[in-house]
Amino acid sequence: MIAEGDSTGANDLRPDLESLVREVFARHSGKVAFAIDQEYQEVAAPDAGQVTHILRLNWLTEGDSAQFDAVKLALEELLSEMHFDATVHGPWP
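A. Broad picture of helix α2 (residues 65-81). Look at α2: 24 Å from first C-alpha to last across 17 residues, which is about the 24 Å you get at 1.5 Å a residue. Where α2 is concerned, the buried positions are Gln67, Phe68, Val71, Leu75, Leu78 and Leu79. Down the axis of α2, the smallest arc covering the buried residues is 110°, so these residues share one side. Exposed positions of α2 whose direction lies more than 90 degrees from the buried face are Ser65, Ala66 and Ser80. Against α1 (14-27), β2 (33-37), β3 (42-47) and β5 (87-89) lie the buried residues of α2. Regarding α2, its N-cap is aspartate 64, as a side-chain oxygen of that residue lies 3.1 Å from the backbone nitrogen of alanine 66 further along.

B. The nonpolar core, seen in detail. Ranked by internal contacts, the top residues of the largest apolar core, which has 22 residues, are Val21, Phe34, Val43 and Leu75. Mapped by element, the contributors of at least two residues to this core are α1, β2, β3 and α2. Once residues lying within four places of it in the same chain are set aside, the contact partners of valine 21 are Phe34, Leu75, Leu78, Leu79, Met82 and Phe84.

C. Just the packing of aromatic side chains, in detail. Enumeration over the complete set of coordinates arrives at two aromatic pairs. A centroid spacing of 6.4 Å and a plane angle of 40° characterise the contact between phenylalanine 25 and phenylalanine 34, whose relative ring orientation is tilted. Residue class for phenylalanine 25 comes out buried when judged on its relative accessible area of 18%. With a relative accessible area of 0%, phenylalanine 34 lands in the buried category. Measuring from ring centre to ring centre gives 4.1 Å for phenylalanine 25 and phenylalanine 84, while their planes differ by 5°; the resulting arrangement is stacked.

Criteria and thresholds
Residues numbered from 1 in each chain as written. Predicted model: local features only at pLDDT ≥ 70, side-chain atom pairs only at ≥ 80, totals over all residues. Heavy atoms only, no water. Helix = DSSP H or I, 4+ residues; strand = E, 2+ residues; numbered from the N terminus. Expected span 1.5 Å × (residues − 1). Buried < 20%, exposed > 50% of the residue type's maximum accessible area, 1.4 Å probe, protein only. Arc of directions from axis to C-beta. Contact = heavy atoms within 4.5 Å. Polar contact = N/O pair within 3.5 Å; in protein donor to acceptor, adjacent residues only side chain to side chain. Core = buried A, V, L, I, M, F, W, Y, C linked by side-chain atoms within 4.5 Å. Phe/Tyr/Trp six-rings, centres within 6.5 Å; stacked < 30°, edge-to-face > 60°.

Right, dumping it as structure tokens:
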């Protein structure tokens, strides 16, 4: 699944992330990771060996640590609220 985000920045990102999280966990059990890759302007899951879900965020700028931190925090908070266990990190190693 590849989706284009509707958000224009971190402030309205939640609906895009919520959709991504629901889709990933509906199709994958076990260990899940979300990678935030600013170079490709995307959030991908569930793991480096098998990326099946990508959320493209056209506003995500490479090298902007504030944007990275905002996306990471929003995703971690959402996962906690939805009671899903996953890791969130930068680009796949």
